[in-house]
Amino acid sequence: MSTIKIKGYLRRENLFGIRNHIVVMSSVSCANFVVEQIVKTNVDIIPITHQHGCTHMGADTEQVLSTLSGTCNNPNVGGVLLVGLGCESVTVNNIASRIDSGGKLIKTIVIQEIGDVRKIMDIACDYLQQIKEFVSKQQRSDVDIGSLTVGLECGGSDPFSGITANPAVGLVTDKLVELGATVILSEIPEMIGAESSLESRIPDEAVKQRIMARIKDYIQMIKDAGGDPRGCNPAPGNIKAGLSTIEEKSLGCIIKGGHSNINEFVEYGRRPMCKGLVVMDTPGNDPESVTGMAAGGANLILFTTGTGTPVGNPVSPVIKISSNTKMYQRMSNFIDIDAGKIIGGTQVDAIADEIFEFIIDVCNGRQTAAELNNCREFAVNRIGPTF
Amino acid sequence: MSQCRNLADYTVILSEKDNVATALVDLLAGDYIFSSGESGTTINVPEDIRAGFKIALSDISKSKPVYKYGYVIGLAIADIKKGDCVHIHNLISSV
């Protein structure tokens, strides 16, 4: 147990939130309108709408369901109002049954059951009032920092990402792991070309095989799609900044994971079982990857960027770290910490300390740039077609 | 004056195995002293190289691997001369 304490909301034993969000979520895109109406008169809630919830099948439906329920299950959420249509495949009851009600209040409404639009809005407002009262009674208490789950992401990488921001985040990862936290390394396609650097750090043979097989799956997907990953990954912006190949991008990317052993391979949007460093099966697409980690319970996300991006998440505060000062100055209200100072002579350790202190502040309530800007991207990594 | 410029002041080499360095600031064309171990050689940079872009530290023949971070980041698709910028015009992923 570490001696570093943060303020957290107890959801159940050893599970704490650093926010006490009220989420209003549609179970299917047909119900988005109600969520959009509710948020007009309730600005303090977190609306989550999306394009899914019906006419998909099998493992893809499971992926949607576990991402939606996982997001509501994130310990940063204190209350949930689910809005369904009534004839969809991912129903409000499907989602609600997967949410751990420990320390949370969950309410559901179904449009077809109520019918009248005014009645729908009245019931929604009544439920929201009950949720607000429930959430307002929840108190924060001192929590060991080791109970945190932290997600890692890079988006709009440039050649400085692997020299400044990612090495600094790597040191923070090492420290968090040492303190007993769970840290999620994501973005499987951004491990292509970095296999040998990762392999030696995966002690469990089965975990190693699964991660290596998943990287191979992505290489096959690239080949199936025409054989040349350029133009897709690295993205045009990466190439413009000086990154030439996926291998170069990947090797810079995985530095975020520090030096610890990798203990688990976690499915997209599922909660890690192990402490320490784990790998989650997410794509390189930033909103989809961050959504997967937040659905897996990440309390916060450390997000490094070279070309700059606003991407946030509805439930998990995203801490943005720039790899170069030029971009930081141009986009300073999207960025929390400038690791580009390393180019000017600041030590990597000093930036890592700055990130670590910022994490503690964010846990204790400080708003990140993404939160202040209401950047709340939500995107499910779909694995099948819509019919 | 250009003879005095030291490549190490403008670039970073991330591993001893690497045959490219990354420019930390914009690198103007001209001659640079490149110190490797105890010996120093001169590298001529024929064209300006923008910050973030890679510079070849040795001649790299077509189809030979390019190393950065100590690992292969791709293969040369043209003969690359020491001092050349290394990017998508002369380097391709080996995936």
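Residues numbered from 1 in each chain as written. Chains lettered and ligands numbered in written order. Predicted model: local features only at pLDDT ≥ 70, side-chain atom pairs only at ≥ 80, totals over all residues.

## Re the overall build of chain B
Rules: Helix and strand definitions follow DSSP, with helices as H or I runs of at least four residues and strands as E runs of at least two, each counted in order from the N terminus. Radius of gyration: C-alpha atoms only; globule rule: 2.2 Å multiplied by the number of residues to the exponent 0.38. The exposure label follows from counting other C-beta atoms within 10 Å of a residue's C-beta, where the C-beta atoms are placed from the backbone and the thresholds are 20 or more for buried and 12 or fewer for exposed, leaving partly exposed in between. By the convention adopted here, residues are in contact when the distance between their C-beta atoms, placed from the backbone, does not exceed 7 Å.
A count of helices and strands for chain B gives zero helices and nine strands. Mapped from its N terminus to its C terminus, chain B presents α and β elements in the order β-β-β-β-β-β-β-β-β. Relative to the compact-globule value of 12 Å for 95 residues, chain B shows a C-alpha radius of gyration of 12 Å, a close match. Considering only C-alpha atoms, chain B reaches an extent of 40 × 25 × 20 Å along its principal axes. For chain B, the proportion of its 95 residues judged to be buried stands at 43%. Once local pairs closer than 6 in sequence are excluded, the contacts in chain B between residues at least 24 apart make up 51%.

## Some details on the overall build of chain A
A count of helices and strands for chain A gives 14 helices and 14 strands. Computed over its C-alpha atoms, the radius of gyration of chain A comes to 20 Å, within 12% of the 21 Å expected for a compact globule of 387 residues. Across the 387 residues in chain A, those meeting the buried criterion constitute 57%. Pairs at least 24 apart in sequence give 72% of the contacts found in chain A among residues at least 6 apart.

## Observations concerning the sheet that holds strand 9 (residues 91-92) of chain B
In a beta sheet, neighbouring strands pair by backbone hydrogen bonds and run either parallel or antiparallel. The criterion, for reference: Whether two strands pair comes down to DSSP finding at least two bridges between them. A fitted line through C-alpha atoms serves as each axis, taken over the contacting stretch for helices, and the angle formed by two N-to-C directions is quoted from 0 to 180°.
Across the sheet, which stays open at both edges, the three strands sit in the order 6-7-9 (chain B) with antiparallel pairing between neighbours. Lying at the two open borders of the sheet, with one neighbouring strand each, are strand 6 (65-68) and strand 9 of chain B. In terms of strand pairing, strand 7 (residues 71-76) of chain B meets strand 9 of chain B through two bridges, oriented antiparallel. Opposite Ala76(B), over in strand 9 of chain B, you have Leu91(B) as the bridge partner. Lying on the sheet, helix 10 (residues 246-253) of chain A is in contact with strand 6 and strand 7 of chain B; it crosses strand 7 of chain B at an angle near 165°.

## A few points about the nonpolar core
Operational definition: Put simply, a nonpolar core is a cluster of buried Ala, Val, Leu, Ile, Met, Phe, Trp, Tyr and Cys residues tied together by C-beta atoms within 7 Å.
Counting residues in hydrophobic clusters, the biggest one holds 139 residues, and the most contacted among them are Val23(A), Leu302(A), Ile355(A) and Ile55(B). Each residue touching Ile355(A), except ones within four places of it in the same chain, is listed here: Ala168(A), Val169(A), Val172(A), Leu302(A), Ile321(A) and Ile337(A).

## Focus: the domain arrangement of chain A
All names here are of chain A. What counts, and what does not: For the domains described, the bounds stem from an automatic or database domain assignment.
In terms of domains, chain A is made up of domain 1 (21-137) and domain 2 (144-372). Placing a centre on the C-alpha atoms of domain 1 and another on those of domain 2 gives a separation of 29 Å. With 13 residues of domain 1 in contact, the opposing surface of domain 2 contributes 13 residues. Listing elements by their share of the side of domain 1 that touches domain 2, those giving two or more residues are strand 3 (21-26), strand 4 (46-48) and helix 2 (58-73). When residues in the side of domain 1 that touches domain 2 are grouped by element, the largest group, five residues, is from helix 2.

## A few points about helix 11 (residues 286-295) of chain A
All names here are of chain A. Burial analysis of helix 11 places 10 of its 10 residues in the buried class, which makes it a mostly covered element. Within helix 11, the full set of buried residues consists of Asp 286, Pro 287, Glu 288, Ser 289, Val 290, Thr 291, Gly 292, Met 293, Ala 294 and Ala 295. Elements that come into contact with the buried residues of helix 11 comprise helix 2, strand 8 (149-154), strand 9 (182-185), strand 11 (276-280), strand 12 (300-305) and strand 13 (318-322). Positioned one or two residues after helix 11, Gly 297 has a phi angle of 100°, which is positive.

## What to know about unusual backbone geometry
All names here are of chain A. Look at Asn 14: it is not a glycine, yet its phi comes out positive at around 65°. Not every positive phi belongs to a glycine, and Asn 374 is a case in point at roughly 55°. The topology assignment puts Asn 374 in the segment after helix 14 (369-372).

## Here's the deal with the sheet that holds strand 7 (residues 140-144) of chain A
Residue and element names in this part refer to chain A. Taking strand neighbours across the sheet as the criterion, the three strands line up as 2-1-7 in an open arrangement whose pairing is antiparallel. Lying at the two open borders of the sheet, with one neighbouring strand each, are strand 2 (15-17) and strand 7. Shown here is a sheet whose adjacent strand axes are inclined to one another by a mean of 70°, direction ignored. As paired strands, strand 1 (residues 5-12) and strand 7 are joined by five bridges and run antiparallel to one another. Looking at strand 7, one finds that Lys 5 is bridged to Asp 144.

## Focus: the pairing of strand 13 of chain A
Residue and element names in this part refer to chain A. The following threshold applies: Think of it like this: strands point away, you trace from the first strand over the helix to the second, and a clockwise trace means the crossover is right-handed.
Of all five residues making up strand 13, five are buried, and the element is well covered by its neighbours. Burial along strand 13 is two-sided: Val 318, Lys 320 and Ser 322 facing one way and Ile 319 and Ile 321 facing the other are all buried. Across five bridges, the pairing between strand 12 and strand 13 is parallel. In the strand pairing of strand 13, Thr 305 is matched with Ser 322. Strand direction decides the pairing type here: strand 13 and strand 14 (residues 337-338), joined by two bridges, are parallel. Paired with Ser 322 across the bridge in strand 14 is Asp 338. With helix 12 (residues 325-330) bridging strand 13 and the parallel strand 14, this β-α-β connection has right-handed handedness.

## Re the packing of helix 2 of chain A against helix 11 of chain A
Residues and elements named next belong to chain A. Applicable threshold: Here the word oblique covers every angle except those under 35 degrees (roughly parallel), over 145 (roughly antiparallel) and from 65 to 115 (roughly perpendicular).
Two elements in contact, helix 2 and helix 11, have axes whose closest approach is 7 Å; the angle formed by their N-to-C orientations is 60°. Classed by the angle they form, the pair helix 2 and helix 11 counts as oblique. Packed against helix 2, whose contacting residues are Ser 66, Thr 67, Gly 70 and Thr 71, the element helix 11 presents Thr 291, Gly 292, Ala 294 and Ala 295 at the interface.

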